Amino acid sequence: MSRGVLSPSDWHTSSVRRTARVVHGVLLALLFLVGLGPMLWLAKAAVTPTQDTLREPLSLWPNGFDFANLATAWTRVEIDKYFLNTVIVAAGAWFVQLLVATTAGYALSVLRPRYRKVLTGVVLATLFVPGVVLLVPLYLTVVDADLINTFWAVWLPAGANAFNILLVQRFFDGLPREVFEAARVDGAGPYRLFWSVVLPMSRPILGVVSVFAVVAAWKDFLWPLLVLPDPDLQPLSVRLPALQQYVELDVFLAALAISTVIPVVLFLVFQRLFLQGDALSGAVKG
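A few points on the structure.

Rules and cut-offs
- Residues numbered from 1 in each chain as written.
- Predicted model: local features only at pLDDT ≥ 70, side-chain atom pairs only at ≥ 80, totals over all residues.
- Heavy atoms only, no water.
- Helix = DSSP H or I, 4+ residues; strand = E, 2+ residues; numbered from the N terminus.
- Buried < 20%, exposed > 50% of the residue type's maximum accessible area, 1.4 Å probe, protein only.
- Contact = heavy atoms within 4.5 Å.
- Areas by Shrake-Rupley, 256 points an atom, 1.4 Å probe, with all protein chains shown as cover.
- Salt bridge = Lys/Arg side-chain N within 4 Å of Asp/Glu carboxyl O.
- Phe/Tyr/Trp six-rings, centres within 6.5 Å; stacked < 30°, edge-to-face > 60°.
- Core = buried A, V, L, I, M, F, W, Y, C linked by side-chain atoms within 4.5 Å.
- Lys, Arg positive; Asp, Glu negative; His and termini not counted.
- Expected span 1.5 Å × (residues − 1).
- Bend = angle between axes of the 7 residues up to and from the residue.
- Axes fitted to C-alpha atoms, helices over the stretch in contact; angles between N-to-C directions.
- Parallel < 35°, antiparallel > 145°, perpendicular 65-115°, else oblique.
- Nonpolar A, V, L, I, M, F, W, Y, C, P; charged D, E, K, R; others polar.

**Concerning the overall build of the protein chain**
Then comes step 1: What the protein chain contains, in helices and strands, is 16 helices and zero strands.
Then comes step 2: Every one of the 286 residues in the protein chain was classed for burial, and the buried ones make up 35%.
Then comes step 3: Within the protein chain, residue pairs in contact and separated by at least 24 positions form 73% of the contacts whose partners lie at least 6 positions apart.
Then comes step 4: For the protein chain, the exposed surface amounts to about 17500 Å²; the carbon and sulfur share of it is 69%.

**Structural notes on the pattern of salt bridges**
Then comes step 1: Scanning all chains against the criterion turns up four salt bridges.
Then comes step 2: The partner of lysine 81 in a salt bridge is glutamate 78, with the nearest N and O atoms 3.5 Å apart.
Then comes step 3: Here aspartate 232 and lysine 81 are joined by a salt bridge, their closest N and O atoms 3.2 Å apart. Residue aspartate 232 is found in the loop between α13 (222–227) and α14 (236–243), and its partner lysine 81 is found in helix α5 (residues 79–111); the two are separated by 151 residues along the sequence.
Then comes step 4: Residue classification places aspartate 232 among the partly exposed residues on the basis of a relative accessible area of 44%.
Then comes step 5: Connected via shared salt-bridge partners are Glu78, Lys81 and Asp232.

**Some words on unusual backbone geometry**
Then comes step 1: One non-glycine residue, arginine 112, lies in positive phi territory at about 50 degrees.
Then comes step 2: One non-glycine residue, asparagine 149, lies in positive phi territory at about 65 degrees.
Then comes step 3: Mapped onto the elements of the fold, asparagine 149 is located in the loop between α7 (135–144) and α8 (152–158).

**Looking at the packing of aromatic side chains**
Then comes step 1: Evaluation of the coordinates by the stated rule reveals six aromatic pairs.
Then comes step 2: For the pair tryptophan 152 and tryptophan 155, a centre-to-centre distance of 5.0 Å together with 80 degrees between the ring planes defines the contact as edge-to-face. Of the two residues, tryptophan 152 and tryptophan 155 are both situated in helix α8; the distance of three residues between them amounts to about one turn of the helix.
Then comes step 3: With a relative accessible area of 16%, tryptophan 155 lands in the buried category.
Then comes step 4: Put simply, the rings of Phe151, Trp152 and Trp155 touch in pairs and so form one group of aromatic residues.

**Section: the nonpolar core**
Then comes step 1: Ala73, Val77, Ile79, Leu236, Leu240 and Ala255 are the most contacted members of the largest nonpolar core, which has 25 residues in total.
Then comes step 2: Listed by contribution, the elements that provide at least two residues to this core are α2 (14–46), α5, α12 (203–219), α14 and α15 (249–275).
Then comes step 3: Among the elements that line this core, the one with the most residues is α15, at eight residues.
Then comes step 4: Every residue in contact with valine 77, bar those within four places of it in the chain, is listed here: Thr72, Tyr82, Leu240, Leu243, Val247, Val251 and Ala255.

**Digging into the side chain of lysine 44**
Then comes step 1: Position of lysine 44 relative to the elements: it lies in helix α2.
Then comes step 2: One buried charged side chain, lysine 44, makes no salt bridge at all; its nearest oppositely charged neighbour is aspartate 52, positioned 8.3 Å away.
Then comes step 3: With residues up to four places along the chain from it excluded, the contact list for lysine 44 reads Glu56, Pro57, Leu58, Ser59, Leu60 and Trp61.

**Topic: α2**
Side chains three or four residues apart in an α-helix point the same way, a direct result of the helix having 3.6 residues per turn.
Then comes step 1: Look at α2: 46 Å from first C-alpha to last across 33 residues, which is about the 48 Å you get at 1.5 Å a residue.
Then comes step 2: At leucine 36, α2 is deflected by roughly 50 degrees, the largest bend along its length, and proline proline 38 occurs up to four residues later in sequence.
Then comes step 3: All of the buried residues in α2 are Ala20, Gly37, Leu42, Lys44, Ala45 and Ala46.

**Details of the packing of α5 against helix α11 (residues 190–198)**
Then comes step 1: Close contact between α5 and α11 brings their axes to 12 Å; oriented N to C, the two are set at 105 degrees. Comparing their axes, α11 and α5 come out roughly perpendicular. Across the interface between the two elements, Thr102, Thr103, Tyr106, Val110 and Leu111 from α5 touch Pro190, Leu193, Phe194 and Val198 from α11.
Then comes step 2: Tallied by class, the residues present in the contact of α5 with α11 amount to seven nonpolar, two polar and no charged.

Encoded structure:
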């Protein structure tokens, strides 16, 4: 039987039921306002003249629309070029994180070496090290490897994600061991077992890791700023703040709106691929 603040007998009282529904409606409206309010305001400001945004920021187009902001932002700010850079950065970081997380999780969970517990402890310990502490040695390593102004400087460090490794390992621990043993009896080696058995069974966790990797790479600012000083290679998260002082406010807000809408649209298009098969519930399986 489900439990809650109100008992089943309370729900049969009309006054309590009406009050609960009103409270639910108010909470839903507040969540909608807090969650989508900033994005809706940005969408409104993208097609609003600068003076209207400064004088009446919460008014709905007091002096009409200005759709030229979007075209100006696309051409002057060169959204297309920096968007392509962002896609390249996110795609490379996604591939590296997925490769490292699945292979490391497979080795620790399925192959189970004798030093498995030690390696798991070491990986877990890295979660307690603040990222800012590793910033200087990581940057010096990238400089020594002559990777500055290359996308590899963003891709390779992205693979060192202990959270993804432990997440995938935990998911692999919940897979049926009998399937692995049957595959070994049929002659499957470690590589065949990984590619033909483990990965097809792991689509939910692959979707979860993919979402985490793409979102983290898309919004990352500090590290691409350090290792990609060439403006022609910088993603939107780095380049747009640098261009703020050179363009009008309405054009800048239009550029922000375009850069925000694109990942939202991509996620809505590919959400079935990412979340198919109850991915979030599968991620915490076991």
